[in-house]
Amino acid sequence: RPPSTTESRSQVTLNEVLPTEGASTGFIELHNSGASGLTLSQHRVIDSLGHSFTIPAGTVVPARGWRIFSATSLGFSPVLAGATCVLVKVDAGSGDLEFVDALNPRGGPAGSSGLSFGRFPDGGDDLYLMTAPTQGTANTVTLSPDIVLNEIQYHPPFAAPGGGCTRNCSDAHQWIELHNKGAGAVNVAGWSISKGVDFLIPASPGVSIPAGGFLVIASSRATFLADHAGFDPARVLGDWTKDLAHDSDTINVNDALGNRVDHVKYGDGKPLNDEEPEDDVDDRTF
């Protein structure tokens, strides 16, 4: 089909960013998720550091394809930390900038290199760090499928104030259980829990969950071990920050790159929970 002369947020996106590191030349990639080619006119890529690149007139992003702009073409070096990238269109009449799409990259762990950041699947809303940049081809993400959120104690029985606690004293008894459903041990050092509560699994010493095994992340490690006499202390970590809501909340499990590998939206069934889930998955939390 001939290229279209219009675009929409759902059709053209900032899809992948690779920083310039060492001998590697960075790039910014656009993706067209539409069924017809798209001609970009009066478009710019700008970032929050003050850089600006005017996309050459007549540039076409092919149907369901990609268009790459290298750091040499851009005139600046893309980065993964500290700069938001924005695709804008200049209104021919007013000269005003019209928002088209944005990407807010994030860097990897200290010392990491060779990573790109982008959307997976291409043009989608979910964002990941990628260990293998995919210039001009479909983005790929490697995630561990074996570590899952297995059980959540989000609303423990009432605990009377005392011991320095004046309100919501049952929250110290909250905990989250991770399970390794795979056939081999998984190293979860540097992984994290986020959204409802925040907790970073220490990178040192290393922490792994054996095949078929479990790891508890507790609001208060000392409280959990006091509540569960005889439980292996090596299988319990804590303490997290914030508290889980007593009715409904979201919990994310993220790997050492910060990529989400599992999440649960739980609820207490008032009146019907997750009957028509947005993600088409019945979380079975009624």
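This text goes with the structure placed above it.
Computed from a predicted structure; not experimentally measured. (Residues numbered from 1 in each chain as written. Predicted model: local features only at pLDDT ≥ 70, side-chain atom pairs only at ≥ 80, totals over all residues. Heavy atoms only, no water.)

## So, the nonpolar core
Formed by 24 residues in total, the largest nonpolar core has its most connected members in Ile-176, Val-188, Ile-193 and Ile-201. Among the secondary structure elements, those contributing two or more residues to this core are strand S12 (147–153), strand S13 (175–180), strand S18 (214–218), strand S20 (248–254) and strand S21 (260–267). For this core, the element with the most residues is S21, which contributes three residues. Residues within four places of Ile-201 in sequence aside, it is in contact with Val-188, Ala-189, Gly-190, Trp-191, Val-207, Leu-215, Ile-217 and Leu-237. (Core = buried A, V, L, I, M, F, W, Y, C linked by side-chain atoms within 4.5 Å. Buried < 20%, exposed > 50% of the residue type's maximum accessible area, 1.4 Å probe, protein only. Helix = DSSP H or I, 4+ residues; strand = E, 2+ residues; numbered from the N terminus. Contact = heavy atoms within 4.5 Å.)

## Here we look at the sheet that holds strand S19 (residues 236–237)
Strand order in the open sheet made by the four strands is S12-S13-S18-S19, with mixed pairing throughout. The open sheet is flanked by S12 and S19, the only strands paired with a single partner. Pairing between S13 and S18: five bridges, direction antiparallel. Directly across from Glu-177, in S18, lies its bridge partner Val-216. (Pairing = 2+ DSSP bridges.)

## Considering the sheet that holds strand S2 (residues 27–32)
Strands in a sheet are paired, the pairing made by backbone hydrogen bonds, and the direction either parallel or antiparallel. Spatially, S7-S2-S1-S10-S11 is the arrangement adopted by the five strands of the open sheet, whose pairing is antiparallel. If you trace the sheet from one side to the other, it starts and ends with strand S7 (66–70) and strand S11 (127–130), each paired once. Across the sheet, the mean angle separating the axes of adjacent strands is 25° when strand polarity is ignored. Here four bridges tie strand S10 (residues 116–119) to S11, and the two strands are oriented antiparallel to one another. (Axes fitted to C-alpha atoms, helices over the stretch in contact; angles between N-to-C directions.)

## A short note on the environment of Ala-102
Within the element layout of this structure, Ala-102 appears in strand S9 (residues 97–103). On the basis of relative accessibility, which here comes to 28%, the residue Ala-102 falls in the partly exposed class. A C-alpha to C-alpha distance of 9.5 Å links Ala-102 and Ile-46, two positions 56 residues apart in sequence. Once you skip the residues sitting within four places of it in the chain, Ala-102 turns out to touch Leu-14, Cys-85, Val-86 and Arg-119.

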